[in-house]
Amino acid sequence: MKGYLGGDPSILRYFGGDPRSADSYRAKADEVDRRFDRDRRSRALDAVHVPDSISESRRSRWLDDGGLMVTTGQQPGLFGGPLYSIYKALGALRLSRELETVLGRPVLPVFWIASDDHDWAEADHTYVLDPHNELRLVRVADPGHGDRPLHRIALHGELTDALEAFIGDLPQTDFSAPFLDLLREAYRPGETLAGGFATMAKALLGPLGICVTDAADPVLKAESASVLLKELAEGALHEGALQERAAELEAAGHSVQVPILEGGLNLFLEGPAGRERLYRAGEELVQNRSKTALTDDEARARFEKDPMSLSPNVLLRPVVESHVFPTLSYVAGPGELAYFAQLSPLFEAHGVGMPVVVPRPGFTVVESKIGKVLEKFGLPLEELARPHHELASEIARDELPDDVRGALSEMRSTIGQCAGKLLDAAKKLDPTLKGPVNHVRNTAFHEVAEVEKKILQSVKRESEIALAQLDKAQRHLFPGGKPQERVLNPFYYLARYGNSFLEALVDEIVVDLTDTTA
């Protein structure tokens, strides 16, 4: 939301603290300590994959000294999804390091994989630049998933086909072999998109000291049971509180990111149509797509039989996370940041304090070959987001020889002046001659414009190689007209530069905290 990072009090009041202030994190740490003792921290640590890069002594110190966590997460995109998923994890790492210094307590970064998500269309594809710098879409064929959670959908031949197509498009360098091996290990036949993503995330993020957890982890599900069952029992009350907050935000001129639907619980229950949103209809619960009706006791019995069957929606998930983990801060994407403004009533209903929300870092990776193109044309980065034909025409116009530009300008000026004189003279004879004279003037201007187009096309042909380089740069920086981080897969850069790519990104992240106690 606008004003959040600027410290606007009218915006900050919807959140868990000012992300720029060390005092906000201290206050949040105190709230966490009131809920988490050593035993509960131990259970939280059991719910994450702790990488070998975190020593036993650091784990023990985390438990003994009141350890905290900076969390972030994303649904499992194909072969890692777009770059921003990795950027969120690196943002959590950088922030955890800074907060550990400020607070003098161990802080672990944690990446949450939302494997219970059922949005197949968002997870089933990725984009990569092939060896010819063409943007390639790689997609896994739909196996007939029926809107089941991603961790339920095992893939076979369709996964192998997509993987080999993806690997075939990656750069072949001195760095690429280990990453190709990782992809083949992670996305073996019989694996799920969520399982492959988890293997990949552990391998890439673990050496940096980033823990990984999975929404379908049995320990995590057991620890989150009380929140899910409370939501099942008190969802109607929570709906009212969320509606009040939504109305308050709208009255203050803010848009509501997640609509609060009448009767909707913040829960999904697997049923005949896959993962289905639960709605309350009188004394019954109804699954929204299959229209299956059931009682609270029947829903609870399903959960007890299969804990994976009940899962939080996008609003309840942050509450579950802060209940299970001693979460100090959450690194959020732009959409997440907006809907966190809706959430404090839900956090309060579950007796959990809202974490301090920090926007994720963003990058545009400019390789040296692309940087040279920018320098050649003298273009600022954001200009490359424009459609290529517009940019190419503008550049060609700038490339027009001075004598041609001058002649075209003189021709337009002459047409305008002569048409004006003719119009003044003709109107004295017959006022109705104004139309024909204007028609001649407009036709002349149109013909000059057509000549200019043909001249520009000729200039473009002369500059064909340079404009092709510009087109390539646009595909690298704004593929499909969108920011690079929202489209391109990280393995393109990993294959080109190795693990140093991730380390270089971490070094670029700036965390600027104001510490009033320093």
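Refer to the structure above for everything that follows.
What counts and what doesn't
- Residues numbered from 1 in each chain as written.
- Predicted model: local features only at pLDDT ≥ 70, side-chain atom pairs only at ≥ 80, totals over all residues.
- Heavy atoms only, no water.
- Pairing = 2+ DSSP bridges.
- Helix = DSSP H or I, 4+ residues; strand = E, 2+ residues; numbered from the N terminus.
- Buried < 20%, exposed > 50% of the residue type's maximum accessible area, 1.4 Å probe, protein only.
- Salt bridge = Lys/Arg side-chain N within 4 Å of Asp/Glu carboxyl O.
- Core = buried A, V, L, I, M, F, W, Y, C linked by side-chain atoms within 4.5 Å.
- Contact = heavy atoms within 4.5 Å.
- 1 Å grid on protein atoms, 1.4 Å probe; cavity = no way out; pocket = protein on both sides within 12 Å on 5 of 7 lines; lining within 4 Å.
- Points joined across faces, edges and corners; volume = space filled by probe spheres on them.
- Nonpolar A, V, L, I, M, F, W, Y, C, P; charged D, E, K, R; others polar.

1. A look at the sheet that holds strand S6 (residues 264–271)
And then number 1: Here five strands make up an open sheet; going across it, the order is S9-S8-S7-S6-S10 and the pairing antiparallel. Strands at the two margins of the open sheet, each flanked by one partner only, are strand S9 (293–294) and strand S10 (310–312).
And then number 2: Examined bridge by bridge, strand S7 (residues 274–281) and strand S8 (residues 284–287) share four bridges and lie antiparallel to one another. Bridge pairing links arginine 280 to leucine 285 in S8.

2. What to know about helix H12 (residues 317–324)
And then number 1: Burial analysis of H12 places eight of its eight residues in the buried class, which makes it a mostly covered element.
And then number 2: All of the buried residues along H12 are Arg317, Pro318, Val319, Val320, Glu321, Ser322, His323 and Val324.

3. Digging into the pattern of salt bridges
And then number 1: This structure, assessed with the given rule, holds 33 salt bridges.
And then number 2: Put simply, aspartate 169 and arginine 136 hold a salt bridge, and the shortest N to O gap is 3.1 Å. Taken as a pair, aspartate 169 in helix H7 (residues 157–169) and arginine 136 in strand S4 (residues 135–139) lie far apart in primary sequence, 33 residues in all.

4. Looking at the nonpolar core
And then number 1: If you look at the biggest cluster of nonpolar residues, it comprises 72 residues, and the most contacted ones within it are Phe15, Leu278, Phe325 and Phe340.
And then number 2: In terms of residue count, the dominant contributor to this core is helix H10 (residues 218–251) (seven residues).
And then number 3: Leave out the neighbours within four places in its chain, and leucine 278 touches Leu232, Gly263, Gly264, Leu265, Leu267, Leu269, Leu285, Val286, Gln287, Leu294 and Leu310.
And then number 4: Listed in part, the 56 residues of the second largest apolar core include Phe111, Leu155, Ile167 and Ala201.

5. Comments concerning the layout of surface pockets
And then number 1: Of the volumes computed, that of the largest pocket is approximately 700 Å³.
And then number 2: At the level of secondary structure, the elements contributing two or more residues to the lining of the largest pocket comprise strand S1 (68–74), helix H5 (83–103), H12 and helix H13 (334–340).
And then number 3: Looking at which element gives the most residues to the lining of the largest pocket, the answer is H13, with five residues.
And then number 4: Approximately 380 Å³ is the volume found for the second largest pocket.
And then number 5: Lining the second largest pocket are 19 residues; nearest its centre among them are Pro82, Tyr84, Glu122, His125 and Arg486.
And then number 6: Mapped by element, the contributors of at least two residues to the lining of the second largest pocket are H5, helix H6 (120–123) and strand S3 (125–129).
And then number 7: Broken down by element, the residue count for the lining of the second largest pocket peaks at three residues, all from S3.
And then number 8: Broken down by class, the residue content of the lining of the second largest pocket amounts to eight nonpolar, eight polar and three charged.

The analysis is restricted to geometry; functional conclusions fall outside its scope.
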